[in-house]
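Spelled out, the chains give:
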Amino acid sequence: MGGISHQVYLLDRDEAETKRLNNQHRFLVDLSNLIHPSIPTDLTAVADIGTGTGVWLEDVAKVLPNKSVHLHGFDISSDQFPRGHQIQRPGQKPIPLSVHDALHPFPAEHRGRYDLVHIRLLTAGLKQADYIRVLANARTLLKPNGWIQWEEVDHTAFCTDATSELAAVTRLRECVIEAMLKLGLWPFAPQRVYDEISANGFADVKWVAGVMRALVPPSMVAIGQAEDTTQARGIVDGLVREFEAHCESETALVNFGVTVGRRVD
Ligand SMILES: C[S@@+](CC[C@H](N)C(=O)[O-])C[C@H]1O[C@@H](n2cnc3c(N)ncnc32)[C@H](O)[C@@H]1O
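These numbers were taken from a predicted model, which means no experiment stands behind them.

Digging into the environment of isoleucine 132
Thinking step 1. As for its placement among the helices and strands, isoleucine 132 is situated in helix 3 (residues 130-141).
Thinking step 2. Judged by its relative accessible area of 46%, isoleucine 132 is partly exposed.
Thinking step 3. For the pair isoleucine 132 and leucine 103, spaced 29 residues apart in sequence, the C-alpha to C-alpha distance is 9.4 Å.

This is how it looks when you write it as structure tokens:
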């Protein structure tokens, strides 16, 4: 389709990454909210864009009071979907997942159908100009007065609270920023799509280290710091071990922004 940039995605979609996404989901939900408290819970239809493994929807189904709520997940790739492109639920209708690129308009049957659209962590696959496009397409899914909740990480804010920064931390951060900029991705929090921002600092070495293990090897290959992912993984293992040892005395910090907005016509 004219004007839509070629898809770049900086992460893998293999079994290890599926496990990491599910663990990351649990970590984020422990620290933040599944659904922001400003959004009413009497929802009748909820969509998740860039759903990945569908883990957010699976948890939403468990907490919403309306057990017949309509849920639907969309992703540009089905590689991390459960078998049959459905999330099975005992005694309930399965949750359907569809392949759809959020840079393209959603099919007519989904437009105006949802009272909450959720987006989380598309940063490894969206170019700077794509954010506004995804937001516009997401908006079409909403009923009037429907809610959007978009959660993103700011890759430029990754650090620890040490007064003097460990070289491994600088390298891990700069490698991702350089690769994202080189590939046309956008490492900063996408503030222009936010109507309201609530940014929080998080401290959990496991999550941050997990993100670095997944993101830095392809970044290193992209910017020529390693010949292939195997070599890059070896270098990153060393850097992450240094970082983890460092975090026994220092706290890892990362900015995670949750933006909530309501559709007005
Ligand atoms: C880091 S994962 C996050 C998955 C999920 N939102 C979560 O928080 O667990 C990013 C997901 O966005 C998907 N994605 C990237 N670009 C996309 C696009 N243009 N349209 C739809 N999904 C996209 C990827 O395929 C991947 O599954």
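Points about the site of the ligand
Thinking step 1. Near the ligand there are 16 residues, and of these Arg13, Gly50, Asp75, Asp101 and Arg120 occur at the shortest range.
Thinking step 2. Between the ligand and the protein, one listed contact pairs a nitrogen atom with a side-chain N or O atom of aspartate 101 at 2.9 Å.
Thinking step 3. Here arginine 120 contributes a side-chain N or O atom positioned 2.7 Å from an oxygen atom of the ligand.
Thinking step 4. Given that more than half its atoms are within 2 Å of the pocket grid, the ligand belongs to the largest cavity.
Thinking step 5. Its residues placed into classes, the shell around the ligand shows 7 nonpolar, 5 polar and 4 charged.

Thoughts on empty space enclosed by the protein
Thinking step 1. Taken as a whole, this structure holds 3 cavities of 30 Å³ or more when the rule is applied.
Thinking step 2. If you add up the space inside the largest cavity, you get close to 610 Å³.
Thinking step 3. Along its surface, the largest cavity is lined by 38 residues, and Tyr9, Gly50, Arg120, Leu121 and Leu122 are the ones closest to its centre.
Thinking step 4. Split into classes, the residues belonging to the lining of the largest cavity amount to 18 nonpolar, 13 polar and 7 charged.

Some points on the nonpolar core
Thinking step 1. In this structure, Leu172, Met212, Val216, Met220 and Phe243 are the most contacted members of the largest nonpolar core, which totals 28 residues.
Thinking step 2. At the level of secondary structure, the elements contributing two or more residues to this core comprise helix 4 (167-183), helix 5 (205-222) and helix 6 (229-246).
Thinking step 3. Looking at this core element by element, the count peaks at 7 residues for helix 4.
Thinking step 4. In this structure methionine 212 touches Phe158, Leu172, Val176, Pro217, Val236 and Val240, once residues within four positions along its chain are discounted.

Re the pairing of strand 2 (residues 70-75)
Thinking step 1. Strand 2 sits mainly inside the fold: 5 of its 6 residues count as buried.
Thinking step 2. For strand 1 (residues 45-49) and strand 2, the ladder comprises 5 bridges, and the chain directions are parallel. Along strand 2, the bridge assignment pairs valine 46 with leucine 71.
Thinking step 3. Each parallel crossover has a hand, and for strand 1 linked through helix 2 (residues 55-63) to strand 2 it is right-handed.
Thinking step 4. Of the pairings in the sheet, the one linking strand 2 to strand 4 (residues 92-99) comprises 3 bridges and is parallel in character. The partner of aspartate 75 across the bridge, within strand 4, is valine 99.

Things to note about the pattern of salt bridges
Thinking step 1. Inspection of every chain in the model, using the stated rule, returns 5 salt bridges.
Thinking step 2. We note a salt bridge from lysine 143 to aspartate 115, for which the minimum N-O separation is 3.4 Å. Here lysine 143 is found in strand 6 (residues 142-160), whereas its partner aspartate 115 is found in strand 5 (residues 114-120), with 28 residues between them in sequence.
Thinking step 3. Classification of lysine 143 by relative accessible area gives partly exposed; the value is 27%.

Thresholds applied
Residues numbered from 1 in each chain as written. Predicted model: local features only at pLDDT ≥ 70, side-chain atom pairs only at ≥ 80, totals over all residues. Heavy atoms only, no water. Helix = DSSP H or I, 4+ residues; strand = E, 2+ residues; numbered from the N terminus. Buried < 20%, exposed > 50% of the residue type's maximum accessible area, 1.4 Å probe, protein only. Near = heavy atom within 4 Å. Polar contact = N/O pair within 3.5 Å; in protein donor to acceptor, adjacent residues only side chain to side chain. 1 Å grid on protein atoms, 1.4 Å probe; cavity = no way out; pocket = protein on both sides within 12 Å on 5 of 7 lines; lining within 4 Å. Sits in = over half its atoms within 2 Å of the grid points. Nonpolar A, V, L, I, M, F, W, Y, C, P; charged D, E, K, R; others polar. Points joined across faces, edges and corners; volume = space filled by probe spheres on them. Core = buried A, V, L, I, M, F, W, Y, C linked by side-chain atoms within 4.5 Å. Contact = heavy atoms within 4.5 Å. Pairing = 2+ DSSP bridges. Right-handed = clockwise from strand over helix to strand, strands pointing away. Salt bridge = Lys/Arg side-chain N within 4 Å of Asp/Glu carboxyl O.

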